[in-house]
Amino acid sequence: DSGVTQTPKHLITATGQRVTLRCSPRSGDLSVYWYQQSLDQGLQFLIQYYNGEERAKGNILERFSAQQFPDLHSELNLSSLELGDSALYFCASSVGGGLAGGGEQFFGPGTRLTVL
Amino acid sequence: AQSVSQHNHHVILSEAASLELGCNYSYGGTVNLFWYVQYPGQHLQLLLKYFSGDPLVKGIKGFEAEFIKSKFSFNLRKPSVQWSDTAEYFCAVNVPNNAGNMLTFGGGTRLMVKP
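Here the structure is a predicted model, which is why all the values come from computation and not from measurement. (Residues numbered from 1 in each chain as written. Chains lettered and ligands numbered in written order. Predicted model: local features only at pLDDT ≥ 70, side-chain atom pairs only at ≥ 80, totals over all residues. Heavy atoms only, no water.)

Q: What's the story with the overall build of chain B in this structure? I'm lost.
A: Scanning chain B from N- to C-terminus turns up zero helices and 12 strands. Along its sequence from the N terminus, chain B presents helices and strands in the succession β-β-β-β-β-β-β-β-β-β-β-β. In terms of principal-axis extent, the alpha carbons of chain B reach across some 45 × 30 × 20 Å. Within chain B, the fraction of its 115 residues that count as buried is 49%. Within chain B, contacts between residues separated by at least 24 positions form 55% of all contacts whose residues are at least 6 apart in sequence. Put simply, chain B shows about 5,500 Å² of open surface, and 54% of that area lies on carbon and sulfur atoms. In chain B, the 9 positive side-chain charges and the 7 negative ones have mean positions that sit 3 Å from each other. (Helix = DSSP H or I, 4+ residues; strand = E, 2+ residues; numbered from the N terminus. Buried < 20%, exposed > 50% of the residue type's maximum accessible area, 1.4 Å probe, protein only. Contact = heavy atoms within 4.5 Å. Areas by Shrake-Rupley, 256 points an atom, 1.4 Å probe, with all protein chains shown as cover. Lys, Arg positive; Asp, Glu negative; His and termini not counted. Charge placed at Lys NZ, Arg CZ, Asp CG, Glu CD.)

Q: Hey, could you run me through the pairing of strand 8 (residues 64–68) of chain B in this one?
A: For a regular strand, side chains alternate in direction, first toward one face of the sheet and then toward the other. Residues and elements named next belong to chain B. Where strand 7 (residues 56–58) meets strand 8, three bridges bridge the pair, whose relative direction is antiparallel. The residue of strand 8 that forms the bridge with lysine 58 is glutamate 64. Between strand 7 and strand 8, which pair antiparallel one after the other, the connecting turn spans five residues, and lysine 61 there sits at a positive phi close to 60 degrees. As judged from the five bridges shared by strand 8 and strand 9 (residues 73–78), these two strands associate in the antiparallel manner. Looking across to strand 9, one finds that isoleucine 68 is bridged to serine 73. Here strand 8 hands over to strand 9 after four residues, with phenylalanine 72 in that stretch at a positive phi of 50 degrees. (Pairing = 2+ DSSP bridges.)

Q: Help me understand the pattern of salt bridges in this model?
A: For side chains bearing opposite charge, pairing can occur when the charged atoms are close. According to the stated counting rule, one finds nine salt bridges over all chains in the structure shown. Residue Arg63(A) pairs with Glu82(A) through a salt bridge whose shortest N-O separation is 3.7 Å. Taken together, the residues span a long stretch of sequence, with Arg63(A) in the loop between strand 6 (53–57) and strand 7 (64–68) and Glu82(A) in the loop between strand 8 (74–78) and strand 9 (87–94) at a distance of 19 residues. Residue classification places Glu82(A) among the partly exposed residues on the basis of a relative accessible area of 43%. Among the salt bridges present, the one from Arg77(B) reaches Glu66(B), with a minimum N-O distance of 3.2 Å. Of this pair, Arg77(B) sits in strand 9 while Glu66(B) sits in strand 8; the two residues are 11 residues apart in sequence, bridging distant segments of the chain. Several salt bridges converge on common partners, so that one network encompasses Lys58(B), Glu64(B), Glu66(B) and Arg77(B). (Salt bridge = Lys/Arg side-chain N within 4 Å of Asp/Glu carboxyl O.)

Q: Explain the side chain of Ser73(B) to me, please; I cannot follow it from the model alone.
A: Residue and element names in this part refer to chain B. Inspection of the secondary structure puts serine 73 in strand 9. A residue is classified by how much of its surface remains accessible, and serine 73, at 5% relative accessible area, is buried. For serine 73, the contacting residues outside a window of four places in its chain are Cys23, Asn24, Tyr25, Glu66, Phe67 and Ile68.

Q: What is the right way to read the interface of chain B and chain A from this model?
A: The accessible area lost on association of the parts is a frequent measure of interface size. Each partner contributes residues to the interface: chain B has 19 residues there, and chain A has 22 residues. Of the roughly 1,700 Å² buried between chain B and chain A on both sides combined, carbon and sulfur atoms contribute 57%. Viewed at the interface, chain A and chain B are joined by one salt bridge. In this structure, Lys49(B) engages Glu104(A) in a salt bridge whose closest nitrogen and oxygen atoms are separated by 2.8 Å. The interface formed by chain B and chain A holds seven residue pairs in polar contact (both at pLDDT 80 or more) in total. Residue assignment for the side of chain B that touches chain A shows that the elements contributing at least two residues are strand 5 (32–38), strand 6 (44–50) and strand 10 (87–94) of chain B. In terms of residue class, the side of chain B that touches chain A is built from 11 nonpolar, seven polar and one charged. (Buried area = accessible area lost by both parts, 1.4 Å probe. Polar contact = N/O pair within 3.5 Å; in protein donor to acceptor, adjacent residues only side chain to side chain. Nonpolar A, V, L, I, M, F, W, Y, C, P; charged D, E, K, R; others polar.)

Shape is all these values report; function is a separate question.
If you want it as structure tokens, here you go:
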């Protein structure tokens, strides 16, 4: 158990819908990261938040957005869902936003999203 | 931008065989290097990491990796694999700076160990 929690574990929805994935980081970690794992794209970084502010952005679609709340939990919002959005979405956390904490990220169990 | 290549997509070994998984990255500057493992149905777990110092890094479960800067490589090794090592292995890099801490992952190597 990494200490990072994600809900829900599984999500099945239809094309065009909107979903919200939730992540709680390890106690004391200020950074939250979102990654997408799919068969064709592999593991890809989406976005990082540090202490409530966006710190880095990767290959995140405009239909996707995220935020980190004052209690440090984060939500990833996926809208106008397409079949290709079906994937495993991982959240990770680390102590710092850059070099602090040695850069080690701890991963949650993931949310498996299926878009039908 | 940095990229990571893992040339072995699938590896099948018998128990007690030695393992070496290749990882090459492309980035001219300083990088931090990681190997993560994902057991079936589980989340990613850190096996080992390299930031600086001794290029031979020892991790958990008997794994080690060697950073060879001239070859831009960070290969993972284990002298004798067990059935329980069946998993997918990911090499990852990040560039230490203040603009973020994103990990760039390789495509992964699926290891199957036959009992």
